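Structural description and commentary
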Amino acid sequence: MPLMPLRLSDGVVGLRRCSLGDRDASIAAMEESWSQLHDWLLWAQHEMDVAYFDDLIKDYDEAWANVTDWRYFTFDAADESFLGAANIYTMSDPEMVGIGYWVRSSRTGRGYATRASRILTSAAFDYLPLVQTVEIQMDVGNVASVAVARRLGFRLVSEIPKERLVPASSGRALLWRIDRDEWRDHTTARSN
Ligand SMILES: CC(C)(COP(=O)(O)OP(=O)(O)OC[C@H]1O[C@@H](n2cnc3c(N)ncnc32)[C@H](O)[C@@H]1OP(=O)(O)O)[C@@H](O)C(=O)NCCC(=O)NCCS
């Protein structure tokens, strides 16, 4: 499999591979957003501190090397300020990858998660030639995340039971998908 780029950008949102270099900005953004992150994200069930952050980056480095999960921090391309994170992860089906994201609470509602996910969906199809489908999963109650998938043109495929591992979980998840051909048509239509 070819390497995913270390940096990606659409001119408004930038993504750079997660590293210890972003520790301070990242922990500050996580602290500011902790109640939202704790509600929805598995890694935010553990108290955040420097040691835990460094362990996460170690896991992310291993996953990057093992070609199973590509984790990026997101930033404002204009001033490099820290926005949040987004990732692409492999799934049991080698033709499918998933996308995840979070945005710091003080910067939500401005389209940043949508932009980061659009960049990663294009990157999945551009850099991972086996991949035919990109998926976004979220809890049925995570309305902001649902809006991201819908804005990107993903199709709602199914609603499935999901173990309640985070406090806001309803026990039901939505699967949204887009295929390579659909994405090409969608991006061509956007640029016309
Ligand atoms: C979900 C999350 C990433 C969205 O980030 P964001 O940068 O605000 O997303 P965007 O601005 O690109 O899009 C948000 C959309 O959700 C909508 N939205 C936000 N809060 C909402 C709410 N409470 N009810 C309904 N819609 C809401 C926005 O209006 C927007 O959609 P629209 O432009 O079609 O109106 C952010 O809220 C977050 O980090 N949440 C905590 C972590 C998380 O849940 N991650 C996803 C796990 S699947």
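Residues numbered from 1 in each chain as written. Predicted model: local features only at pLDDT ≥ 70, side-chain atom pairs only at ≥ 80, totals over all residues. Heavy atoms only, no water.

**Quick look at the pairing of strand S8 (residues 172-179)**
Relative to S8, strand S6 (residues 133-139) runs antiparallel, the two being bridged by seven bridges. The residue of S8 that forms the bridge with Ile136 is Trp176. Pairing of strand S7 (residues 155-161) with S8, which is carried by six bridges, proceeds in the antiparallel orientation. Counterpart to Pro161 in the pairing with S8 is Arg172. (Pairing = 2+ DSSP bridges. Helix = DSSP H or I, 4+ residues; strand = E, 2+ residues; numbered from the N terminus.)

**Things to note about the sheet that holds strand S3 (residues 69-76)**
A sheet is described by the order of its strands in space; here eight strands give the open sequence S1-S2-S3-S4-S5-S6-S8-S7, paired in mixed fashion. In this open sheet, the two edge strands, each paired with only one partner strand, are strand S1 (7-9) and S7. Going across the sheet, the axis of each strand differs from the next one's by a mean of 25°, ignoring polarity. Here helix H3 (residues 50-65) sits on the sheet and contacts strand S2 (13-17) and S3; the angle it forms with S3, its principal contact strand, is near 120°. (Axes fitted to C-alpha atoms, helices over the stretch in contact; angles between N-to-C directions. Contact = heavy atoms within 4.5 Å.)

**Here we look at the site of the ligand**
Neighbouring residues of the ligand: 21 residues in total, closest Gly109, Gly111, Thr114, Asn142 and Arg151. Between the ligand and Val103 there is a distance of 2.8 Å, counted from an oxygen atom to a backbone nitrogen or oxygen. In the model, an oxygen atom of the ligand is placed 2.7 Å from a nitrogen or oxygen of the Gly111 main chain. Mapped by element, the contributors of at least two residues to the shell around the ligand are strand S5 (96-103), helix H4 (112-127), S6 and helix H5 (143-151). Among the elements that line the shell around the ligand, the one with the most residues is H5, at six residues. Partitioned by chemical class, the residues of the shell around the ligand number twelve nonpolar, seven polar and two charged. (Near = heavy atom within 4 Å. Polar contact = N/O pair within 3.5 Å; in protein donor to acceptor, adjacent residues only side chain to side chain. Nonpolar A, V, L, I, M, F, W, Y, C, P; charged D, E, K, R; others polar.)

**Brief notes about the side chain of Thr121**
One can find Thr121 in helix H4. Polar contacts involving the side chain of Thr121 include one to the main-chain carbonyl oxygen of Ser117, which spans 2.7 Å. In contact with Thr121, other than residues within four places in its own chain, are Ile99, Val134, Phe154, Ile178 and Trp183.

**Some details on the pattern of salt bridges**
Any two side chains of opposite charge can pair, given that their charged atoms come close. Applying the stated criterion across every chain yields a total of 14 salt bridges. Between Glu80 and Arg7 there is a salt bridge, and its shortest N-O distance comes to 3.8 Å. Linking Glu80 in the loop between S3 and strand S4 (82-90) with Arg7 in strand S1, this pair joins segments that are 73 residues apart in sequence. Given a relative accessible area of 43%, Glu80 falls into the partly exposed group. Here Glu80 makes a salt bridge to Arg16, at a shortest N to O gap of 3.1 Å. One end of the pair, Glu80, is in the loop between S3 and S4; the other, Arg16, is in strand S2, with 64 residues separating them in the sequence. Shared partners join several salt bridges into a network, and the residues in it are Arg7, Arg16, Asp22 and Glu80. (Salt bridge = Lys/Arg side-chain N within 4 Å of Asp/Glu carboxyl O. Buried < 20%, exposed > 50% of the residue type's maximum accessible area, 1.4 Å probe, protein only.)

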